[in-house]
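Letter by letter, the chains look like this.
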Amino acid sequence: MSGKRCWHGVVCALVLGLWVGMGSASAADSAPIIKEIAVAGNLTVKPDDIKYHMRSREGQPLDAEVLKEDFTRVVKMGQFADVQIHREEVPGGVKLTVVVREKPVIRRVAFSGNKDVRSSKLEKTVTIKVGQDYDPGIVNKDIRAIEDLYREQYHFFVEVTSLVEPFEDGVRLTYVVNEGEKVTVRKIRFNGNTNVPAKLLLKHMETRGTCFLMSGKFDQQKFDQDMERLRLLYQSKGYLDVQITPDKPEMTDGKNWRGKPIKKIELMINIEEGQVYKLGRITFDGHTIHTDEEIRAVLKCMPGEVYNPMAISEDAKAVELLYGSTGRVFTQVRPERLLSEDGDVLDVAFHIKESGEITVDGVIVTGLKVTQERVVLREVELFPGEKFDGNKVEETKRNLNRINLFERPVKVELKESDEPDRAKVIVDAKETRTGTVSLGVGYSTADGAIGTVTLKENNFDHRAVPHSWKDLTSGHAFRGAGEKFSVELTGGTETEKAAIDFTNPYIWDKPIRFSTGIMYSNRE
């Protein structure tokens, strides 16, 4: 009886499987066949180029999911301002029409309204060029660059807009400049700064008044930043309730040192200092790994001192670094300010949220264009498989800053992996200029008239020999391995000298230094 039931189960399973298969086949059969794929609206992009990026093909059943992917692929070509795919019923199936609107090509770049700055100088300032696709993002960056250039020329109320008009088979892009009047800062005055001298306040400001032949430049954005710097200065001295409010600038007519008309403003900054707060008790909670004494040992703030919010934040980072040195890098420390019974004393509670130990899952280097990845990796003190150590992060930063191949400071950060107890180390190393060429001339009674040419490259690579003119002009020739190479040629009426020096700080990627040099000298 049980065998008969088993046999019946097998038959039912086969029938169900055949039914599902027939249903799937009938669903595929019911999908209309793509009879034609047409392209409309294209001007310079060939239809075949658009079809190449699509998975849908003529003669195949129409698949809605594939069609959505096709739309995304065509958009990602980056050559169209608008993309649409229309479906039309035709005998025997459907016709797909990809309707595109190409990004307009810039045929001319012009400037209007500019009087104090020549168009030739503005052309060098903007990055968008004739022949490129119109890109609103680049145009906006160019507008900011033009405004920054004008502010350097004391036009602080400059406004720049863009105008796009049809021109030939593309568009004409015009940067419209409203220069505004030239403005200088005549004087900066303070009102209410009883306990902090004006000299110290001015030292923390980037905005300057007119002095001798130097005219004070006014930039509203930088002035707003100055107000924030003054606020932080006061808070570092315990004035947590300080209020800083500048008056509306008063503008008067004047002349610059060359006698040309110019507007001058006087800045008045009003300050309400408020009371000074002191630091009271310091407490901790949420900690199980380190004791109060261990945590307190890394703090710099002490009870009785002036309450400094920035110093408190630095102490919170120091506690996080303490945990990071034992692999608990994702520990979070949040300081909370508490008002004590004494109105001018503030207690601080450090709330600690401990994390587990983190293992280094790998090291990823970003930002490189010429430098080989191994040049960075050999300076990294963290290795896959070992526990993360915050002190080694700081040592890695020092190593990479020391070799002077990258912009400072080099960023070393963590990125969580799929596993909660593992993380990848991300080293963002943006390359800086490493090569120099210098020329010099001089005269001495011993050598007569002399000239010197010196070429130095601190990111040299003796293996990167160029094989074509393109290789030579690309910036990659003889560069990228972190080696040091210099050539110095000296010639004159009485003497000739030449010196070539080469240094490889890492032989076989090990900290073994190799240096060699050749020198030639001849005196007539």
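Residues numbered from 1 in each chain as written. Predicted model: local features only at pLDDT ≥ 70, side-chain atom pairs only at ≥ 80, totals over all residues. Heavy atoms only, no water.

Side note on the sheet that holds strand E14 (residues 345–353)
Across the sheet, which stays open at both edges, the three strands sit in the order E12-E14-E13 with mixed pairing between neighbours. Looking at the sheet topology across the chains shown, the edges are occupied by strand E12 (278–285) and strand E13 (332–339). Sheet twist, expressed as the average angle between the axes of neighbouring strands with direction ignored, equals 25°. Relative to E14, E12 is paired through six bridges, and the arrangement is parallel. Residue pairing in the sheet places Lys 278 in a bridge with Val 345 of E14. (Pairing = 2+ DSSP bridges. Helix = DSSP H or I, 4+ residues; strand = E, 2+ residues; numbered from the N terminus. Axes fitted to C-alpha atoms, helices over the stretch in contact; angles between N-to-C directions.)

Things to note about a nonpolar patch on the surface
Together, Val 437, Leu 439, Val 453, Leu 455 and Leu 489 give the surface a local cluster of nonpolar side chains, amounting to about 490 Å² of exposed area. Residue position: Leu 455 is located in strand E19 (residues 448–460). (Patch = residues over 30% accessible without salt bridge, like charges linked within 9 Å, V, L, I, M, F, W, Y side chains within 5 Å. Areas by Shrake-Rupley, 256 points an atom, 1.4 Å probe, with all protein chains shown as cover. Salt bridge = Lys/Arg side-chain N within 4 Å of Asp/Glu carboxyl O.)

Things to note about unusual backbone geometry
For the bond running from Arg 408 to Pro 409, omega is -5°, close enough to zero to count as cis. Within the secondary structure, Pro 409 sits in the loop between helix H11 (390–402) and strand E16 (411–416). Positive phi values are uncommon outside glycine, yet Phe 478 reaches one of about 55°. Mapped onto the elements of the fold, Phe 478 is located in the loop between helix H12 (469–473) and strand E20 (483–492).

As for H11
Helix length check: H11, at 13 residues, gives a terminal C-alpha distance of 19 Å against a target of 18 Å (1.5 Å per residue), a fit within 8%. Taken together, the buried positions of H11 are occupied by Gly 390, Val 393, Thr 396, Asn 399, Leu 400 and Asn 401. At the N-terminal end of H11, a side-chain oxygen is found 2.9 Å from the backbone nitrogen of Asn 391, two or three residues along, and the residue is Asp 389. Just downstream of H11 lies Asn 404, where phi reads positive at about 55°. (Expected span 1.5 Å × (residues − 1). Buried < 20%, exposed > 50% of the residue type's maximum accessible area, 1.4 Å probe, protein only. Polar contact = N/O pair within 3.5 Å; in protein donor to acceptor, adjacent residues only side chain to side chain.)

Considerations on the packing of aromatic side chains
Both the distance between ring centres and the angle between the ring planes are used here to describe each pair of aromatic rings. Applying the stated criterion to the full structure yields eight aromatic pairs. A ring pair is formed by Phe 218 and Phe 223, whose centres lie 5.6 Å apart and whose planes are at 50°; its orientation type is tilted. On the numbers, 5.9 Å between centres and 5° between planes, the contact of Phe 460 with Phe 478 is stacked. One end of the pair, Phe 460, is in strand E19; the other, Phe 478, is in the loop between H12 and E20, and 18 residues separate them in sequence. (Phe/Tyr/Trp six-rings, centres within 6.5 Å; stacked < 30°, edge-to-face > 60°.)

A short note on the pairing of strand E2 (residues 80–90)
As paired strands, E2 and strand E3 (residues 93–102) are joined by 10 bridges and run antiparallel to one another. Across the sheet, Ile 85 pairs through a bridge with Val 98, a residue of E3. Counting the residues in the hairpin turn of E2 and E3 gives two residues, including Gly 92, whose phi is positive at 85°.

Brief notes about the environment of Glu 294
On the secondary structure map, Glu 294 appears in helix H8 (residues 292–296). Sequence spacing of Glu 294 and Leu 233 is 61 residues, and the spatial spacing of their C-alpha atoms is 30 Å. Here Glu 294 is in contact with Ile 289 and Leu 322, once residues within four sequence places are set aside. Engagement of the side chain of Glu 294 in a polar contact is seen with the side chain of His 290, the distance being 3.2 Å. (Contact = heavy atoms within 4.5 Å.)

Comments concerning the pattern of salt bridges
Here the idea is simple: oppositely charged side chains can pair when their charged atoms come close. Considering all chains together, one arrives at 25 salt bridges under this definition. A salt bridge links Arg 151 to Asp 148; its shortest N-O distance comes to 3.4 Å. Taken together, the positions of Arg 151 and Asp 148, both in helix H5 (residues 136–152) and three residues apart, correspond to about one turn of that helix. Its relative accessible area of 43% is what places Asp 148 among the partly exposed residues. Its salt-bridge partner being Glu 266, residue Arg 186 comes within 2.3 Å of it at the nearest N-O pair. Placement of Arg 186 in strand E7 (residues 183–191) and of Glu 266 in strand E11 (residues 261–272) is noted, with a sequence separation of 80 residues between them.

Digging into the side chain of Ser 486
Here Ser 486 is to be found in strand E20. On the basis of relative accessible area, Ser 486 is assigned to the buried category, the value being 17%. Setting aside its immediate chain neighbours within four residues, Ser 486 contacts Leu 455, Lys 456, Ala 499, Ile 500 and Asp 501.

Considerations on the environment of Ala 318
Residue position: Ala 318 is located in helix H9 (residues 309–324). Since its relative accessible area comes to 23%, Ala 318 is described here as partly exposed. Sequence separation between Ala 318 and Gly 274 is 44 residues; the distance between their C-alpha atoms is 30 Å.

What to know about the confidence of the model for the protein chain
Looking at the protein chain, the pLDDT average stands at 86 and 92% of residues meet or exceed 70. A low-confidence stretch, residues 1–28 stays under pLDDT 50, and its non-local contacts, those more than four residues away or across chains, total one contact. (pLDDT = per-residue confidence, 0-100.)

Considerations on the sheet that holds strand E22 (residues 514–523)
With antiparallel pairing, the five strands of this open sheet are ordered in space as E18-E19-E20-E21-E22. On the outer flanks of this sheet lie strand E18 (435–444) and E22, each paired with one strand and no other. Across the sheet, the mean angle from the axis of one strand to that of its neighbour is 5°, orientation sign disregarded. With 10 bridges joining them, strand E21 (residues 495–504) and E22 adopt antiparallel strand pairing. Of the residues in E22, the one forming a bridge with Lys 497 is Ser 521.

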